[in-house]
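# Fold and contact review
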Amino acid sequence: MLKLFTEHPESLGMTYYEHMVGSLHYSYLFLVGSIKAGIHAILPFLYETSTTDLVQSVRTHLVTSRIK
């Protein structure tokens, strides 16, 4: 049963706790990004590049933090 919680994080070279903290951080970033995108949909002059900036930032972090 424990393997269900540790297999994926270990495949990334992380502990369960490290993976949880990282995932919760991404969750927060995506929540804020979603709110900004919603505001931008109504007021297109606000947050003009926030979604693109977020996607590029997350992608860069994911690519550079991969196990080599």
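Let me sum up the structure you'll find in this document. (Residues numbered from 1 in each chain as written. Predicted model: local features only at pLDDT ≥ 70, side-chain atom pairs only at ≥ 80, totals over all residues. Heavy atoms only, no water.)

### Digging into the overall build of the protein
Per the secondary structure count, the protein includes three helices and zero strands. Its C-alpha radius of gyration of 16 Å places the protein more than 25% over the 11 Å reference for a compact globule of 68 residues. For the protein, the C-alpha atoms occupy an extent of roughly 50 × 25 × 15 Å along the three principal directions. Carbon and sulfur atoms provide 67% of the accessible area of the protein, an area that totals close to 5,700 Å². Across the protein, the 5 positively charged side chains and the 5 negatively charged ones have centroids separated by 6 Å. (Helix = DSSP H or I, 4+ residues; strand = E, 2+ residues; numbered from the N terminus. Rg over C-alpha atoms; globule rule 2.2 N^0.38 Å. Areas by Shrake-Rupley, 256 points an atom, 1.4 Å probe, with all protein chains shown as cover. Lys, Arg positive; Asp, Glu negative; His and termini not counted. Charge placed at Lys NZ, Arg CZ, Asp CG, Glu CD.)

### Things to note about the environment of His61
Along the chain, His61 turns up in helix H3 (residues 50–64). In sequence terms His61 and His25 are 36 residues apart; their C-alpha atoms lie 12 Å from each other. Within the structure, the side chain of His61 is placed 2.4 Å from the side chain of Tyr26, a separation counted as a polar contact. (Polar contact = N/O pair within 3.5 Å; in protein donor to acceptor, adjacent residues only side chain to side chain.)

### As for the packing of helix H2 (residues 16–42) against H3
Where H2 contacts H3, the two axes come as close as 9 Å, and the packing angle between them is 160 degrees. Overall, the two elements H2 and H3 adopt an arrangement that is roughly antiparallel. As H2 runs across H3, the sense of the crossing is left-handed. Together, Tyr26, Leu29, Phe30, Gly33, Lys36 and Ala37 of H2 and Ser50, Thr51, Leu54, Val58, His61 and Leu62 of H3 make up the contact between the two elements. Counted by class, the contact of H2 with H3 contains seven nonpolar, four polar and one charged residues. (Axes fitted to C-alpha atoms, helices over the stretch in contact; angles between N-to-C directions. Parallel < 35°, antiparallel > 145°, perpendicular 65-115°, else oblique. Left-handed = near helix turned anticlockwise from the far one by under 90°. Contact = heavy atoms within 4.5 Å. Nonpolar A, V, L, I, M, F, W, Y, C, P; charged D, E, K, R; others polar.)

### Brief notes about the packing of aromatic side chains
Inspection of every chain in the model, using the stated rule, returns two aromatic pairs. Aromatic side chains Phe5 and Tyr16 sit 6.1 Å apart centroid to centroid with 75 degrees between the ring planes, which places their arrangement in the edge-to-face category. Highlighted residues: Phe5 in helix H1 (residues 2–11) and Tyr16 in helix H2, separated in sequence by eleven residues. The exposure class assigned to Phe5 is partly exposed, which follows from its relative accessible area of 43%. On the basis of an interplanar angle of 25 degrees and a centroid distance of 6.3 Å, the ring pair of Tyr26 and Phe30 is categorised as stacked. Pair noted here: Tyr26 and Phe30 are both in helix H2, with a separation of four residues, about one helical turn. Taking relative accessible area as the criterion, Tyr26 reaches 18% and is therefore assigned buried. With a relative accessible area of 43%, Phe30 lands in the partly exposed category. (Phe/Tyr/Trp six-rings, centres within 6.5 Å; stacked < 30°, edge-to-face > 60°. Buried < 20%, exposed > 50% of the residue type's maximum accessible area, 1.4 Å probe, protein only.)

Keep in mind that these numbers describe shape and distance, not what the molecule does.
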